[in-house]
There are 2 protein chains.
Amino acid sequence: MERIEHRACFGGWQDVYRHRSHALDCEMRLAVYLPPQASERPVPALYWLSGLTCTEQNFINKAGAQRYAAEHGLALVVCDTSPRGEGVADAAAYDLGMGAGFYVNATVSPWSRHYRMYDYVVHELPELVEKHCPLTDARAISGHSMGGHGALTIALKNPGRYGSVSAFSPIVAPSRVPWGEQAFSAYLGGDRETWRSYDATELVKTANEKLPLLIDQGDADEFLHSQLHPEWLQQAADAAGHPLELRMRPGYDHSYYFVASFIGEHVAYHAAALRR
Amino acid sequence: MERIEHRACFGGWQDVYRHRSHALDCEMRLAVYLPPQASERPVPALYWLSGLTCTEQNFINKAGAQRYAAEHGLALVVCDTSPRGEGVADAAAYDLGMGAGFYVNATVSPWSRHYRMYDYVVHELPELVEKHCPLTDARAISGHSMGGHGALTIALKNPGRYGSVSAFSPIVAPSRVPWGEQAFSAYLGGDRETWRSYDATELVKTANEKLPLLIDQGDADEFLHSQLHPEWLQQAADAAGHPLELRMRPGYDHSYYFVASFIGEHVAYHAAALRR
């Protein structure tokens, strides 16, 4: 890991690193916010997964989460949304290829060589940052939109690995909406059975560990009725007896102004969960 | 004023408008954050002046100020940093022309036709937003870098117009540093006597209204010793008996991570001043 940005922020440090990823077979960038407490002891970490078109920069620039992370002594670990670079497969669409990895392991050529964001986020990323930064192995995970999908599915698929999970405006049923259908068709192929293992509404039906799900969703979100449908996850969770708190926020849209408005509550939620 | 963005944020609204500016003779964009209190009564406003290369977007995306504005019932009014558009004079350098208006009224061709940011900020902008938005005429002013220069000079030149003023990492003596020398030579011409009326270290020597100046400055700021020199303003203010609080912040640089870390203290400061 080579540090390429190092900026004082709310008494801690907002850093950006680049490193060679084994899982993705390319150079990647990642951001780590270390709160002031990390200068004295290892701290737990909230992993943040961003939405379509984002890099590691959007969340650290726009969400204002560092203030709350500093208050609660929580690190923030933020990765990119796909492999990048020359030789990495891409598509003209903003919602496929670079910037749109969907946190899966692609199985179909040409995507399967680099697009292994699931392995990267679940395994390589925590190993890397826990080795190089003063972090404990207590982890929470959250994300926005495509990253909300990533956070929910990764938490549901890895019982015991995350102490808490939350999401903003998540794609809860990628198998049934245009964004997910396009991405899964490309990355996973046409057999929809294989899609189920990356679909939160499917995973919640059989999750043994009943890790509570916390979701914030704006009711003026321009993608609510076409791509998001949080009520589908609510129905599946209710049927399975899986705890889910879905908070509809009147007037809020899909932007980072929405994330910024409520990220403080999520950071507090994760900090409390990781203290238990 | 035509509203082109309208996003819920911390219980209020982050709006962006475009309008035809008479002072600048071009179309301009400006941002207004209305806190929740503005739905019930007119609120006072903090005017924010941004630094080199910025538009009306940087501060509203990156500073996280809306949270504090919502807490204190203060509106935020944010303008662009220069005239824009086809036919507006420009230069190849990032620190001259578009994105670098320096909050002066240019007197030298080709700049003098559009580059009248001083008149725009002091007169047209408050008239416009106070007419169209639920604002009182209680005003505070602040800014970053070039915008810190703008805030200090505009407050010093207009006694009674602003209830309080502050700045982050301001250019306090543009007449004596490369950024200011280049801009003032172009916009105002070679007679350095005319530059004094836009130089805070000069203005503070003769200011009759002793409006206190509040400045935050990072001591790891990469421009501190080449472009900023807050100690020059400190010396001039001390000699003139003008109150100035200069807070050096260890480890902080020139970025918006610095602004974000302390904007809460500035919003609270202005809110308290405007309540008096």
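Treat the numbers as computed from the prediction; the structure is a model and nothing was measured.

Criteria and cut-off values
- Residues numbered from 1 in each chain as written.
- Chains lettered and ligands numbered in written order.
- Predicted model: local features only at pLDDT ≥ 70, side-chain atom pairs only at ≥ 80, totals over all residues.
- Heavy atoms only, no water.
- Pairing = 2+ DSSP bridges.
- Helix = DSSP H or I, 4+ residues; strand = E, 2+ residues; numbered from the N terminus.
- Axes fitted to C-alpha atoms, helices over the stretch in contact; angles between N-to-C directions.
- Contact = heavy atoms within 4.5 Å.
- Expected span 1.5 Å × (residues − 1).
- Buried < 20%, exposed > 50% of the residue type's maximum accessible area, 1.4 Å probe, protein only.
- Disulfide = S-S within 2.5 Å.
- Least-squares fit on C-alpha atoms with pLDDT ≥ 70 in both.
- Core = buried A, V, L, I, M, F, W, Y, C linked by side-chain atoms within 4.5 Å.
- Polar contact = N/O pair within 3.5 Å; in protein donor to acceptor, adjacent residues only side chain to side chain.
- Buried area = accessible area lost by both parts, 1.4 Å probe.
- Salt bridge = Lys/Arg side-chain N within 4 Å of Asp/Glu carboxyl O.
- Nonpolar A, V, L, I, M, F, W, Y, C, P; charged D, E, K, R; others polar.

## A look at the sheet that holds strand 6 (residues 135–143) of chain B
Two pairing modes exist for strands in a sheet, parallel and antiparallel, and in both the strands are linked by backbone hydrogen bonds. Spatially, nine strands are ordered 1-2-3-5-4-6-7-8-9 (chain B) in an open sheet, and the strand pairing comes out mixed. Edge strands, defined here as strands with exactly one partner in the open sheet, are strand 1 (2–9) and strand 9 (244–249) of chain B. Here the average twist between neighbouring strands, direction ignored, is 20°. Running at roughly 30° to strand 1 of chain B, helix 9 (residues 256–275) of chain A makes contact with strand 1 and strand 2 (12–21) of chain B of the sheet.

## Description of helix 4 (residues 146–157) of chain B
The end-to-end C-alpha separation of helix 4 of chain B is 16 Å, in line with the 16 Å expected for 12 residues at 1.5 Å each. Taken residue by residue, helix 4 of chain B has M146, G147, G148, H149, G150, A151, L152, T153, I154, A155 and L156 of chain B as its buried positions.

## Thoughts on the environment of E40 of chain B
Residue and element names in this part refer to chain B. With respect to the element layout, E40 can be found in the loop between strand 3 (26–34) and strand 4 (43–49). The exposed category is assigned to E40, whose relative accessible area is 69%. Separated by 182 residues in sequence, E40 and E222 have C-alpha atoms that sit 44 Å apart.

## Concerning the state of the cysteines
A full pass over the atoms with the stated rule returns zero disulfides over all chains. The thiol of C133 of chain B is unpaired, and the distance to the nearest cysteine sulfur, on C79 of chain B, comes to 14 Å.

## Let's talk about the relation of the copies chain A and chain B
Each copy of the sequence occupies a distinct position, and chain A is placed on chain B by a rotation of 180° and an axial shift of 0.0 Å, giving an RMSD of 0.0 Å. In short, the pair behaves as if placed about a two-fold rotation axis. When the interface residues of chain A are mapped onto chain B, 100% of them again fall at the interface, so both copies present the same face.

## Digging into the nonpolar core
Ranked by internal contacts, the top residues of the largest apolar core, which has 73 residues, are F102, Y120, I141 and Y187 of chain B. The greatest single-element share of this core, amounting to eight residues, is contributed by helix 3 (residues 117–132) of chain B. Not counting residues up to four positions away in its chain, the partners in contact with F102 of chain B are L52, T81, D95, M146, H149, I171, W179, G180, A183, F184 and Y187 of chain B. Core analysis: the second largest hydrophobic core is formed by 72 residues, A38, A106, Y120 and A236 of chain A among them.

## Things to note about the side chain of H19 of chain B
Residue and element names in this part refer to chain B. With respect to the helices and strands, H19 occurs in strand 2. A polar contact of 2.8 Å, which involves the side chain of H19, links it to the side chain of Y120. Ignoring sequence-local partners within four residues, the contact set of H19 consists of M1, C26, E27, M28, L30, Y120, E124 and L128.

## A short note on the interface of chain A and chain B
How large an interface is tends to be reported as the accessible area lost when its parts come together. On the side of chain B, 22 residues touch chain A, which itself brings 22 residues to the contact. Between chain A and chain B the total buried area reaches about 1900 Å² when both faces are included, carbon and sulfur atoms providing 50% of it. Inspection of the region where chain A meets chain B yields two salt bridges. In this structure, R7 of chain A engages D253 of chain B in a salt bridge whose closest nitrogen and oxygen atoms are separated by 2.7 Å. Our enumeration of links across chain A and chain B arrives at 12 residue pairs in polar contact (both at pLDDT 80 or more). Taken together, the elements giving at least two residues each to the side of chain A that touches chain B come down to strand 1 (2–9), strand 2 (12–21), helix 1 (57–62), helix 2 (65–72) and helix 9 of chain A. Considered class by class, the residues forming the side of chain A that touches chain B number 10 nonpolar, eight polar and four charged.

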